[in-house]
Amino acid sequence: MAHHKSAQKRIRRNARRFAINHARKSRIRTFVKKVELAIAAGDKSAADAAFKVAQPEMMRGAQKGVFHKNTMSRKVSRLNARLKSMAA
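Computed from a predicted model, the values in this text were never measured in an experiment.

Enquirer: What should I look at first to understand the overall build of the protein in this one?
Expert: The helix and strand tally for the protein stands at 3 helices and 0 strands. Along the protein, from the amino end to the carboxyl end, the secondary structure elements read α-α-α. For 88 residues, the compact-globule estimate of 2.2 N^0.38 gives 12 Å, and the protein exceeds it by more than 25% at 17 Å. For the protein, the C-alpha atoms occupy an extent of roughly 65 × 20 × 15 Å along the three principal directions. Residues classed as buried in the protein amount to 24% of the 88 residues present. Pairs at least 24 apart in sequence give 61% of the contacts found in the protein among residues at least 6 apart. Total accessible area on the protein is roughly 6,500 Å²; 54% of this is exposed by carbon and sulfur atoms.

Quick look at the structure:
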């Protein structure tokens, strides 16, 4: 256990941030899973709707520093490419 006041505060702060970041990661994974399930089912309209909800959430995660910006951009791009290939 930390003995300094600042170290104790840092532990509390880290725990709080971990909870927030963990919840955000989980939320993003859920939204992405919904898009992927809709794509797998072949339901283009549901996939489009799920993607429209998932994309801002993914980019918000990147903006908040939970995921790297390039990682989320890559994932958004690949999901979008899979959606476009459904129409073809």
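Right, picking up where we left off after that structure.
Enquirer: I keep staring at helix 2 (residues 44–63) and nothing clicks. Help me out?
Expert: Count 3.6 residues to each turn of an α-helix, and residues three or four apart come out pointing the same way. Under the 1.5 Å per step criterion, the end-to-end length of helix 2 is 28 Å for 20 residues, consistent within 8% with the ideal 28 Å. Of all the residues in helix 2, the buried ones are Ala-47, Ala-50, Phe-51, Ala-54, Glu-57, Met-58, Gly-61 and Ala-62. Summarising the contacts, the buried residues of helix 2 are in contact with helix 1 (5–41) and helix 3 (69–87). In the stretch just after helix 2, Gly-65 is the one whose phi turns positive, near 90°.

Enquirer: Would you explain helix 3 in this entry?
Expert: The end-to-end C-alpha separation of helix 3 is 28 Å, in line with the 27 Å expected for 19 residues at 1.5 Å each. Residues Met-72, Val-76, Leu-79 and Leu-83 constitute the buried set of helix 3. Buried residues of helix 3, seen end-on, are gathered within an arc of 65° and therefore sit on one face of the element. Facing away from the buried side of helix 3 by over 90 degrees, the exposed positions are Arg-78 and Lys-84. Looking at the packing, one finds that the buried side of helix 3 touches helix 1 and helix 2.

So, how was this worked out
- Residues numbered from 1 in each chain as written.
- Predicted model: local features only at pLDDT ≥ 70, side-chain atom pairs only at ≥ 80, totals over all residues.
- Heavy atoms only, no water.
- Helix = DSSP H or I, 4+ residues; strand = E, 2+ residues; numbered from the N terminus.
- Rg over C-alpha atoms; globule rule 2.2 N^0.38 Å.
- Buried < 20%, exposed > 50% of the residue type's maximum accessible area, 1.4 Å probe, protein only.
- Contact = heavy atoms within 4.5 Å.
- Areas by Shrake-Rupley, 256 points an atom, 1.4 Å probe, with all protein chains shown as cover.
- Expected span 1.5 Å × (residues − 1).
- Arc of directions from axis to C-beta.

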